[in-house]
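The lines below spell out each chain.
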Protein chains: 2
Amino acid sequence: MTSKKNIGIVKPKIFESLIPLRLQSGKILKEYDLIYETYGTLNKDKGNAVLVCHALTGNHHLAGRHSSKDKYPGWWDNLIGPNKPLDTNKFFVIGINNLGGSDGSSGPKSTNKKTKKSWGADFPVVTVEDWVNSHEALITSLNIPKLAGVIGGSLGGMQVIQWALKFPKKINHAIVIAAAPNLTAQNISFNEVARQSIITDPDFNKGNYYEKNTQPKRGLRIARMLGHITYLSDDVMESKFGRKLKNKNYKYDFKTEFEIESYLNYQGDKFAKEFDANTYIRMTKALDYYDPANGSKRNLSKVFKKIKSKFLVISFTSDWRFSPDRSKEIVKALLDNNIDVKYAEITATSGHDAFLMEEPRYHAILKSYFNKML
Amino acid sequence: MTSKKNIGIVKPKIFESLIPLRLQSGKILKEYDLIYETYGTLNKDKGNAVLVCHALTGNHHLAGRHSSKDKYPGWWDNLIGPNKPLDTNKFFVIGINNLGGSDGSSGPKSTNKKTKKSWGADFPVVTVEDWVNSHEALITSLNIPKLAGVIGGSLGGMQVIQWALKFPKKINHAIVIAAAPNLTAQNISFNEVARQSIITDPDFNKGNYYEKNTQPKRGLRIARMLGHITYLSDDVMESKFGRKLKNKNYKYDFKTEFEIESYLNYQGDKFAKEFDANTYIRMTKALDYYDPANGSKRNLSKVFKKIKSKFLVISFTSDWRFSPDRSKEIVKALLDNNIDVKYAEITATSGHDAFLMEEPRYHAILKSYFNKML
């Protein structure tokens, strides 16, 4: 067994599309940029490309570092690299920052070429469908006729489903992790509370805060703190933090008494410094909207009829954001259509976040699946 | 079977205590008021008194109306009244607004007799222990030597446990509903997000907003929306709301698209108009702090040794805020001490909120328990 290596220094590229994109809302993006990164080498037959779709707060920077000074590598560095489960000695891996993002693709923070100002609130609402359409434009520009695989967790998993539905002949394998075919009322509720906390922050200024040089940090930190609770399982919170106090005794004030409070406040503060509020609310909207079967489980089987790719579906036992039952809905609709699907329910304590972690059984399954893919 | 009747018009009373109350924080409330209501008649032997402890947003107004124009009766009107499960033909029922509340008892909104201004941020943090000590002062002032029962749901259930622990000889029956012996890290997390949304609202003004004639409504509505998600079960949200849209089609904007969003926003707005933010953050702190066994399940059995009262413990299957497992911790610690305890796990879809509802099996159990109490 050859030992895992890191990717090293990577450089993002820009795909500038001059072909208008008609969005699901009916609006049209006349031109748009997608920032992306690639790892590994595209084979001569162009058959080894794997697209990685990102979740709520992810981006195109999957693995490696942009400079040797970078403190952290890309967000899925534990999965992607030489001899890693998604082995870049073998695969050509592509990461894209989705439209509406704030890391270099066209989005609220980027410049509207027409007005020469930031898009701000004028950047349209984008959907999973829009993203996949723009992904396809980039993949086509790279002269890749068919992807070996598309992989994604959470909101990324929804994009994988959409790839298989919209471009059934352009994808061989779909890998859907910790995802669901749509959001439940509870999922939507958590998103709406997060959005309301951002939108009602006086510094949000209806989304046009870049010129004022403010950020709705108060709202964004509340949104992140709340999100964080839903990413972790009750059990992992209990075993990591429980009722551990910051000080020896209660202080009886409104500062943080418990370690879990400090942790959440720290995560909220950190996120509010780094992430763009307009992007955050758009990503949650994309989650809410995605619903290929229009809310009907029976419809899902009908809709899945057009799928041609093979599937690997993975869920985590302690994930209460997208529980294993939601993954099973996907598996059921695939089986109803005699589609080749493998399903793994991983025993994990870390909740929804497990999909980002280097859990041995989880990574072993992915490694084995990718090994057999080509 | 005699038919249920309503209480009719009730009038709150004020208990003015001039005896200083030493709080758990070490601070001293030199004098304080408790607003309370009573229903039914105290027997000559004073043996038929039942104290009802309220939860996060409750108060002393349990049943009946303050005037014939009142739109709604007290918050537990479905339980308390002539021929209702807690029958006021038989029992003398007492409701108290807890210290720190904003409905007439001493709290942040009330006047600090020393400064002649609202207490505001200066009103101390109060705990379940402090509340029970103040309850006992009121009960003593009513010349009641021993309560037939103390009943409460959620945070109210914690007060019942504390009554049984602190005044074991002054309580015959303890009825603990949808409660827990302490909060988990996840419970504390939700409370902290709610508090942070209030505290970081610019209108909070460090808790001194009464004089400025503002209310941190933005923060309070977020806190309530979030709270609401945790009071309902995933299932009941799904069956009541699911992915039902407000309009026929998506609008692709940041207004509410789904009925569940409208519902939560409505609940948040309504609450922010009615409830006091300083009270809200204090009530959540009392929840966080209560932990008679200092976080140890084994300790709970030791601590419960001093209990003399009988117990009825009730939980609801779909309650994920205080799940049946948490109630079973209480039952286990009681059984370890050979304390007479009855336990009922009610199949209910409505989550934590079930304890406020007129669920037939739930009310039948309470009715039967109260019938045998005297």
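Caption draft 1: Inspection of the sheet that holds strand S8 (residues 92-96) of chain A at higher detail. Residues and elements named next belong to chain A. Spatial ordering of the open sheet is given by S1-S4-S8-S5-S11-S12-S13-S14, a layout of eight strands whose pairing is mixed. Across the chains shown, the open sheet's two edge strands, defined by having one partner strand only, are strand S1 (13-17) and strand S14 (341-346). Pairs of neighbouring strands in the sheet enclose a mean axial angle of 20°, with direction left out of account. Pairing of strand S4 (residues 32-39) with S8 involves four bridges; the strand directions are antiparallel. Paired with Tyr39 across the two strands is Val93, which belongs to S8. In the packing of helix H1 (residues 128-141) onto the sheet, contacts are made with S1, S4, strand S5 (49-53), S8 and strand S11 (147-153), and the angle to S4 comes to roughly 60°.

Caption draft 2: Expanded view of the interface of chain B and chain A. Between chain B and chain A, the contact holds 42 residues from the first and 43 residues from the second. Of all the secondary structure elements, the ones that give two or more residues to the side of chain B that touches chain A are helix H3 (185-199), helix H4 (217-231), helix H5 (234-240), helix H6 (259-274) and helix H7 (277-289) of chain B. The element best represented in the side of chain B that touches chain A is H3(B), accounting for eleven residues. Looking at the side of chain B that touches chain A residue by residue, the class counts come to 21 nonpolar, ten polar and eleven charged.

Caption draft 3: Representation of the sheet that holds strand S1 (residues 13-17) of chain B in the model. Residues and elements named next belong to chain B. Read from one edge of the open sheet, eight strands run S1-S4-S8-S5-S11-S12-S13-S14, paired in mixed fashion. Every interior strand has two partners, whereas the edge strands, S1 and strand S14 (341-346), have only one. Looking at each pair of strands side by side, their axes are set apart by 20° on average, direction ignored. Bridge count between strand S5 (residues 49-53) and strand S8 (residues 92-96): four bridges; the pairing is parallel. Bridge pairing links Val50 to Val93 in S8. Strands in contact with helix H2 (residues 155-166) are S5, strand S11 (147-153) and strand S12 (171-177); relative to S12, the strand with the most contacts, it is inclined by about 155°. Strands in contact with helix H9 (residues 324-335) are S12, strand S13 (310-316) and S14; relative to S13, the strand with the most contacts, it is inclined by about 160°.

Caption draft 4: Representation of the relation of the copies chain B and chain A within the structure. Under the fitted operation, chain B is carried onto chain A by 0.0 Å of movement along the axis and a turn of 180°, and the coordinates agree to an RMSD of 0.0 Å. When the rotation and shift are considered jointly, the pair of chain copies conforms to a two-fold rotation axis.

Caption draft 5: Representation of the environment of B:Lys30 in the model. Residues and elements named next belong to chain B. Along the chain, the position of Lys30 falls in the loop between strand S3 (28-29) and strand S4 (32-39). By C-beta crowding, Lys30 is classed as exposed, having 11 other C-beta atoms within 10 Å. Spatially, the C-alpha atoms of Lys30 and Gln267 are 37 Å apart, while their sequence positions differ by 237 residues.

Caption draft 6: How the structure looks around the domain arrangement of chain A. Residues and elements named next belong to chain A. Looking at chain A, the domain boundaries give domain 1 (13-182 + 292-371) and domain 2 (187-284). Domain 1 and domain 2 are separated by 25 Å when their C-alpha centres are compared. Every contact between the two is made by 23 residues of domain 1 and, on the other side, 17 residues of domain 2. Residue composition of the side of domain 1 that touches domain 2, grouped by class: eight nonpolar, twelve polar and three charged.

Caption draft 7: Examining unusual backbone geometry more closely. Residues and elements named next belong to chain A. Of note in this structure, Lys206 is not a glycine but carries a positive phi near 55°. Positionally, Lys206 belongs in the loop between helix H3 (185-199) and helix H4 (217-231). On the basis of neighbour counts, which here come to 9 C-beta atoms within 10 Å, the residue Lys206 falls in the exposed class.

Caption draft 8: Expanded view of the packing of H4(B) against H6(B). Residue and element names in this part refer to chain B. At a closest axis distance of 8 Å, the pairing of H4 and H6 adopts a crossing angle of 130°. Considering their axes alone, H4 and H6 lie oblique with respect to each other. For the pair H4 and H6, the sense of crossing is right-handed. Listed contacts from H6 to Lys217, Leu220, Arg221, Ile222, Arg224, Met225 and His228 of H4 are Leu264, Gln267, Gly268, Asp269, Phe271 and Ala272.

Caption draft 9: View of the confidence of the model for chain A. Of all residues in chain A, 100% attain a pLDDT of 70 or more, and the chain-wide mean is 97. The ipTM, which scores confidence in the relative placement of chains, is 0.96 for this predicted complex, and the corresponding pTM is 0.97.

Caption draft 10: Fine view of H2(B). Residue and element names in this part refer to chain B. With twelve residues, H2 extends 16 Å between its outermost C-alpha atoms, agreeing within 8% with the 16 Å of an ideal straight helix rising 1.5 Å per residue. Turning to H2, its buried residues are Leu155, Gly156, Gly157, Met158, Gln159, Val160, Ile161, Gln162, Trp163 and Ala164. Tucked inside the fold, the buried residues of H2 contact S5, helix H1 (128-141), S11, S12 and H7.

What counts, and at which threshold
- Residues numbered from 1 in each chain as written.
- Chains lettered and ligands numbered in written order.
- Predicted model: local features only at pLDDT ≥ 70, side-chain atom pairs only at ≥ 80, totals over all residues.
- Pairing = 2+ DSSP bridges.
- Helix = DSSP H or I, 4+ residues; strand = E, 2+ residues; numbered from the N terminus.
- Axes fitted to C-alpha atoms, helices over the stretch in contact; angles between N-to-C directions.
- Contact = placed C-beta atoms within 7 Å.
- Nonpolar A, V, L, I, M, F, W, Y, C, P; charged D, E, K, R; others polar.
- Least-squares fit on C-alpha atoms with pLDDT ≥ 70 in both.
- Buried ≥ 20, exposed ≤ 12 C-beta atoms within 10 Å, placed from the backbone.
- Domains from an automatic or database assignment.
- Parallel < 35°, antiparallel > 145°, perpendicular 65-115°, else oblique.
- Left-handed = near helix turned anticlockwise from the far one by under 90°.
- pLDDT = per-residue confidence, 0-100.
- Expected span 1.5 Å × (residues − 1).

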